2 protein chains.
Amino acid sequence: MSSFRYFYTIFRVEQIDYFMDEAEQNRCENCIVRQFNSLRAMSKAELKKVSDSKVTKKIKKGEALFEEGDKLDGVFCVREGVSKLSKLSSNGKDQIIKLASKGEVMGQRSVIAEEYTNLSAVAVSDMEVCFIPKDSIVHTLSKNPDFAIEVLRHMAHDLKEADDVIVNMSQKTVKQRIAEAFVYLKNNYGEDDQGFLKLTLSREDIANVVGTATESAIRIISEFKKKGMIKTSGKKIGVLNEKLLQDLIEGF
Amino acid sequence: MSSFRYFYTIFRVEQIDYFMDEAEQNRCENCIVRQFNSLRAMSKAELKKVSDSKVTKKIKKGEALFEEGDKLDGVFCVREGVSKLSKLSSNGKDQIIKLASKGEVMGQRSVIAEEYTNLSAVAVSDMEVCFIPKDSIVHTLSKNPDFAIEVLRHMAHDLKEADDVIVNMSQKTVKQRIAEAFVYLKNNYGEDDQGFLKLTLSREDIANVVGTATESAIRIISEFKKKGMIKTSGKKIGVLNEKLLQDLIEGF
DNA sequence: TCGAAAAGATGACAATTATCATGAATTATT
DNA sequence: AATAATTCATGATAATTGTCATCTTTTCGA
């Protein structure tokens, strides 16, 4: 029964791909990504409006979607690739607050609060995103309570995650935080066929995720490698012994 | 003109106090605290429903409102006093994520996401809170988009603050974070007539706010005192030279 | 494909922060 | 008011983390 269901799902997706031309595929109503975010609570008509006003953009690795302090006139919905959301600290270092990938919506906080954004978004891999002007979002928010609640749920979830990050940052050692980052990257973005993490971050980005100096991150990566917890090849990193990492995270 | 306004505000509050009996005063419709939180977007009828189902509680300093992992059947609206919202780290230390005071609503994240709460709430001063069962909140959320948007705005604001905390925690030194805490306490809770912070936290709580060991916090407090930045009397702390603190925070 | 630029790696050292121990001061309890 | 229990304070020391310098490797553009 469950294998039948799985087949059925695959079949439907392929069917959609097969029978639609590209313009049709790119419409929000048919966007698979939507399953993962609040847009699923929109009605057909609302989605149509969103789709008609959206713009799809390709962003190259390293390019910025927006910068801290920008006024955002809409939100970005990630179709493909990963973006880092970071904030510049007064000491000149970037702190990466969050990584956003397929299905995630960026900039909604700023649009909802009608404030300048407090974060910068830079692509860490080639991306495809949809820019959705805020009008259609804000309008739906005030007309469709289901949508508002769905956005609220997402925001509540983000807030909980932020709490966890705060605790990790202040109570865990740099070593623990780096170990945690690798386990996170493995579980959320997966590994390639040779066992390396699919999402490759520079050592500097890793340092900025865990809030430490680049040299400290590099040193700890070397140490993990020596201990057989991970392997490296250029800037690629692969988890070899997740249990050892997990033990370290838990403080053994 | 501005002094007239001030007088007018005072007058109105006193008038309300004067003409209403206690039961009447305790109704949400008349609650002054409401001006500060999302409840202000509720209609008269909705407020009445909330008020009829709410329970007012007095909480003594040190008592818990709820514990991490509890299932909350409603939210707490703070009428008086201050509560710390904290999370236990795996190393056994408490991290204080936020201080909630007059007008703030606690537990809404958990109620909205329908999850167990990720934080504990313990009173750091004697408190008076209203417990509002979740039904009336959730119901209004799905019927009144203005209320949903108002809650959304609050949550968006909290999320931004959380981002700032993350950056502070990971990029600033313990000394800077403690300095920041004192400035924050001064600006948000004020000083008594002798220039001491109105909200008195134990050294341990201060350490848990900035995420450091209690001894480190104490040591830094002693240092600040020696340098004339603050004064102490028992566990009370007073800011003597805010500029020095500010310079330290900014990294000079 | 060569050479410059960027990113990664490591040593030496300094600064920051945590931990353990111990004593003084304050607060709570009987 | 006396005593117990917390909380505050400080020294000694160790562990962690940051900074600066230098070298190697990788990446990228002309």
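Above this text you will find the structure in question.
A brief structural summary. None of the values given here were measured: they were computed from a predicted structure.

**Here's the deal with the packing of aromatic side chains**
1) Next: Counting across every chain of the model gives six aromatic pairs over all chains.
2) Next: Judged by centre distance (6.5 Å) and plane angle (75°), the rings of Phe 182 of chain A and Phe 224 of chain A are edge-to-face. Residue Phe 182 of chain A is found in helix α7 (residues 174-189), and its partner Phe 224 of chain A is found in helix α9 (residues 214-226); the two are separated by 42 residues along the sequence. Of the two residues examined, Phe 182 of chain A and Phe 224 of chain A, each falls in the buried class.
3) Next: Within the aromatic cluster, the residues linked to one another by ring pairs are Phe 66, Phe 76 and Phe 131 of chain A.
4) Next: Geometry around Phe 196 of chain A places Lys 231 of chain A over its ring, the cationic atom sitting 4.5 Å from the centre.
5) Next: The ring of Phe 131 of chain B carries Lys 57 of chain B above its face, with NZ or CZ at 5.5 Å from the centroid.

**Observations concerning the protein's contact with DNA strand C**
1) Next: In the neighbourhood of DNA strand C, 16 residues make up the surrounding shell, with Arg 203 and Ser 222 of chain A together with Val 174, Thr 212 and Ser 216 of chain B lying closest.
2) Next: Sugar plus phosphate: this is where 54% of the atoms of DNA strand C within 4 Å of the protein reside.
3) Next: With respect to DNA strand C, the side chain of Arg 203 of chain A contributes an N or O atom lying 2.8 Å from a phosphate oxygen.
4) Next: Within the side chain of Lys 93 of chain B, an N or O atom sits 3.3 Å from a phosphate oxygen of DNA strand C.
5) Next: Sorting the residues of the surface near DNA strand C by element identifies α8 (203-210) and α9 of chain A together with α9 (214-226) of chain B as the ones contributing at least two each.
6) Next: Looking at which element gives the most residues to the surface near DNA strand C, the answer is α9 of chain A, with four residues.

**Here we look at the relation of the copies chain A and chain B**
1) Next: Overlaying chain A with chain B gives an RMSD of 0.0 Å, the required rotation being 180° about an axis along which the chain moves by 0.0 Å. Accordingly, the operation relating the two chain copies is best matched by a two-fold axis.
2) Next: Both copies contact each other with a shared surface, as 98% of the interface residues of chain A are interface residues in chain B too.

**Focus: the protein's contact with DNA strand D**
1) Next: DNA strand D sits among 16 residues. The nearest are Val 174, Thr 212 and Arg 219 of chain A together with Arg 203 and Ser 222 of chain B.
2) Next: Thr 212 of chain A is positioned such that a nitrogen or oxygen atom in its side chain is 2.3 Å from a phosphate oxygen of DNA strand D.
3) Next: A distance of 3.4 Å separates a phosphate oxygen of DNA strand D from a polar atom in the backbone of Ala 213 of chain A.
4) Next: Looking at the surface near DNA strand D, the elements that each hand over two or more residues are α9 of chain A together with α8 (203-210) and α9 of chain B.
5) Next: Here the surface near DNA strand D takes four residues from α9 of chain B, the largest share from any one element.
6) Next: Class assignment of the residues belonging to the surface near DNA strand D gives a composition of three nonpolar, five polar and eight charged.

**Here we look at the sheet that holds strand β4 (residues 83-88) of chain B**
Residue and element names in this part refer to chain B.
1) Next: The strand order across the open sheet built from four strands is β2-β7-β4-β5, with neighbouring strands paired in antiparallel fashion. Strands with a single pairing partner mark the edges of an open sheet, and in this sheet they are β2 (64-66) and β5 (94-100). Across the sheet, the axes of successive neighbouring strands diverge by a mean angle of 30°, strand direction being ignored.
2) Next: Across six bridges, β4 lies against β5 in antiparallel orientation. Of the residues in β5, the one forming a bridge with Leu 88 is Asp 94.

**Points about the side chain of Ser 120 of chain A**
All names here are of chain A.
1) Next: Secondary-structure assignment places Ser 120 in strand β7 (residues 120-123).
2) Next: With relative accessibility at 10%, the residue Ser 120 sits in the buried group.
3) Next: In this structure the side chain of Ser 120 is engaged in a polar contact, spanning 2.9 Å, whose partner is the backbone nitrogen of Glu 68.
4) Next: Contacts of Ser 120, omitting those with residues within four sequence positions, involve Phe 66, Glu 67, Glu 68, Lys 84, Leu 85 and Ser 86.

**Quick notes on helix α3 (residues 44-53) of chain A**
Residues and elements named next belong to chain A.
1) Next: Inspection of α3 places Glu 46, Leu 47, Val 50 and Ser 51 among the buried residues, and these make up the whole buried set. Projected down its long axis, α3 shows its buried positions confined to an angular sector of 135°, all on one face. Turned more than 90 degrees from where α3 packs its buried face, Lys 44 and Ala 45 sit exposed.
2) Next: In this structure, the buried residues of α3 make contact with β8 (127-133) and α5 (134-143).

Conventions adopted
Residues numbered from 1 in each chain as written. Chains lettered and ligands numbered in written order. Predicted model: local features only at pLDDT ≥ 70, side-chain atom pairs only at ≥ 80, totals over all residues. Heavy atoms only, no water. Phe/Tyr/Trp six-rings, centres within 6.5 Å; stacked < 30°, edge-to-face > 60°. Helix = DSSP H or I, 4+ residues; strand = E, 2+ residues; numbered from the N terminus. Buried < 20%, exposed > 50% of the residue type's maximum accessible area, 1.4 Å probe, protein only. Lys NZ or Arg CZ within 6 Å of the ring centre and 35° of its normal. Near = heavy atom within 4 Å. Polar contact = N/O pair within 3.5 Å; in protein donor to acceptor, adjacent residues only side chain to side chain. Least-squares fit on C-alpha atoms with pLDDT ≥ 70 in both. Contact = heavy atoms within 4.5 Å. Nonpolar A, V, L, I, M, F, W, Y, C, P; charged D, E, K, R; others polar. Pairing = 2+ DSSP bridges. Axes fitted to C-alpha atoms, helices over the stretch in contact; angles between N-to-C directions. Arc of directions from axis to C-beta.

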